[in-house]
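Below are the chains, spelled out letter by letter.
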Amino acid sequence: MPKIIFLPHEELCPDGAVVDAEKGESILNIALQNDIGIEHACEKVCACTTCHVIVREGFDSLEEGDELEEDMLDKAWGLEPESRLSCQAIVANEDLVVEIPKYNVNMVSEAH
């Protein structure tokens, strides 16, 4: 069974976490099942970027994002080449190292 290593995030996962991941499940669902409250304003339908994560290791094991996800990611704050929407990134056979960005679009707009 693959594992997801969530890097420390000041608010959502201060100490980081290593969790078991079910193949075929989204990164977001696995995070939520393990009390890591990644925001998901659109309720997991690929209509926002609040669940944006950066897959630091294991990125190539994920299926490529579709055109809708790529279009949404273009709007994400802090976009990187290994960025994915966690609601769309489905775990395969490899372990993943995931960074939850400090901010997302909702947090940036609320901060002003």
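Higher on the page you've got the structure.
Quick notes on the rules
- Residues numbered from 1 in each chain as written.
- Predicted model: local features only at pLDDT ≥ 70, side-chain atom pairs only at ≥ 80, totals over all residues.
- Heavy atoms only, no water.
- Helix = DSSP H or I, 4+ residues; strand = E, 2+ residues; numbered from the N terminus.
- Rg over C-alpha atoms; globule rule 2.2 N^0.38 Å.
- Contact = heavy atoms within 4.5 Å.
- Buried < 20%, exposed > 50% of the residue type's maximum accessible area, 1.4 Å probe, protein only.
- Pairing = 2+ DSSP bridges.
- Polar contact = N/O pair within 3.5 Å; in protein donor to acceptor, adjacent residues only side chain to side chain.
- Patch = residues over 30% accessible without salt bridge, like charges linked within 9 Å, V, L, I, M, F, W, Y side chains within 5 Å.
- Areas by Shrake-Rupley, 256 points an atom, 1.4 Å probe, with all protein chains shown as cover.
- Salt bridge = Lys/Arg side-chain N within 4 Å of Asp/Glu carboxyl O.
- Lys, Arg positive; Asp, Glu negative; His and termini not counted.
- Charge placed at Lys NZ, Arg CZ, Asp CG, Glu CD.
- Axes fitted to C-alpha atoms, helices over the stretch in contact; angles between N-to-C directions.

Chemist: I'd like to hear about the overall build of the protein chain, residue by residue, with values.
Modeler: Along its length, the protein chain carries 3 helices and 5 strands. When the helices and strands of the protein chain are placed in sequence order, the string is β-β-α-β-α-β-β-α. Taken over C-alpha atoms, the radius of gyration comes to 13 Å for the protein chain, in line with the 13 Å a tight globule of 112 residues would show. When the backbone C-alpha atoms are referred to their principal axes, the protein chain occupies close to 40 × 35 × 25 Å. Partitioning the contacts of the protein chain with sequence separation of at least 6, the portion at a separation of at least 24 is 65%.

Chemist: Any details on the pairing of strand S1 (residues 3-6)? Residues and values, ideally.
Modeler: With burial as the criterion, only one face of S1 is covered, namely that bearing Ile4 and Phe6; the residues Lys3 and Ile5 on the opposite face remain uncovered. Taken together, the 4 bridges between S1 and strand S2 (residues 17-20) define a ladder with antiparallel strand orientation. Within the sheet, the bridge partner assigned to lysine 3 lies in S2 and is aspartate 20. Where S1 meets strand S5 (residues 96-99), 3 bridges bridge the pair, whose relative direction is parallel. Residue pairing for S5: phenylalanine 6 is matched across the bridge by valine 98.

Chemist: An account of the environment of aspartate 66 is needed here, citing residue identities and associated values.
Modeler: Examined against the element boundaries, aspartate 66 turns out to sit in the loop between strand S3 (52-57) and helix H2 (67-73). Spatially, the C-alpha atom of aspartate 66 lies 8.9 Å from that of glutamine 88, the residues being 22 residues apart in sequence. There is a polar contact of 3.2 Å between the side chain of aspartate 66 and the backbone nitrogen of leucine 68.

Chemist: Please set out a negative patch on the surface residue by residue, giving values where relevant.
Modeler: A contiguous patch of negative charge on the surface is contributed by Glu64, Asp66, Glu67, Glu70, Asp71 and Asp74. Residue glutamate 64 is classed as exposed on the basis of its relative accessible area, which comes to 77%.

Chemist: Outline the sheet that holds S5, supporting the account with residue identities and numerical values.
Modeler: Read from one edge of the open sheet, 5 strands run S2-S1-S5-S3-S4, paired in mixed fashion. Two strands bound the open sheet, and with one partner strand each, they are S2 and strand S4 (83-85). Across the sheet, the axes of successive neighbouring strands diverge by a mean angle of 35°, strand direction being ignored. Strand direction decides the pairing type here: S3 and S5, joined by 3 bridges, are antiparallel. Each residue of the ladder has a partner; that of glutamate 57, found in S5, is valine 97.

Chemist: Hey, could you go over the side chain of histidine 52 for me, with residue numbers and the actual values?
Modeler: Inspection of the secondary structure assignment puts histidine 52 in strand S3. Classification of histidine 52 by relative accessible area gives buried; the value is 4%. One polar contact links the side chain of histidine 52 to the main-chain carbonyl oxygen of tryptophan 77, over a distance of 3.5 Å. Not counting chain neighbours up to four residues away, the residues in contact with histidine 52 comprise Leu73, Ala76, Trp77, Gly78, Leu79, Ser83, Arg84, Leu85 and Pro101.

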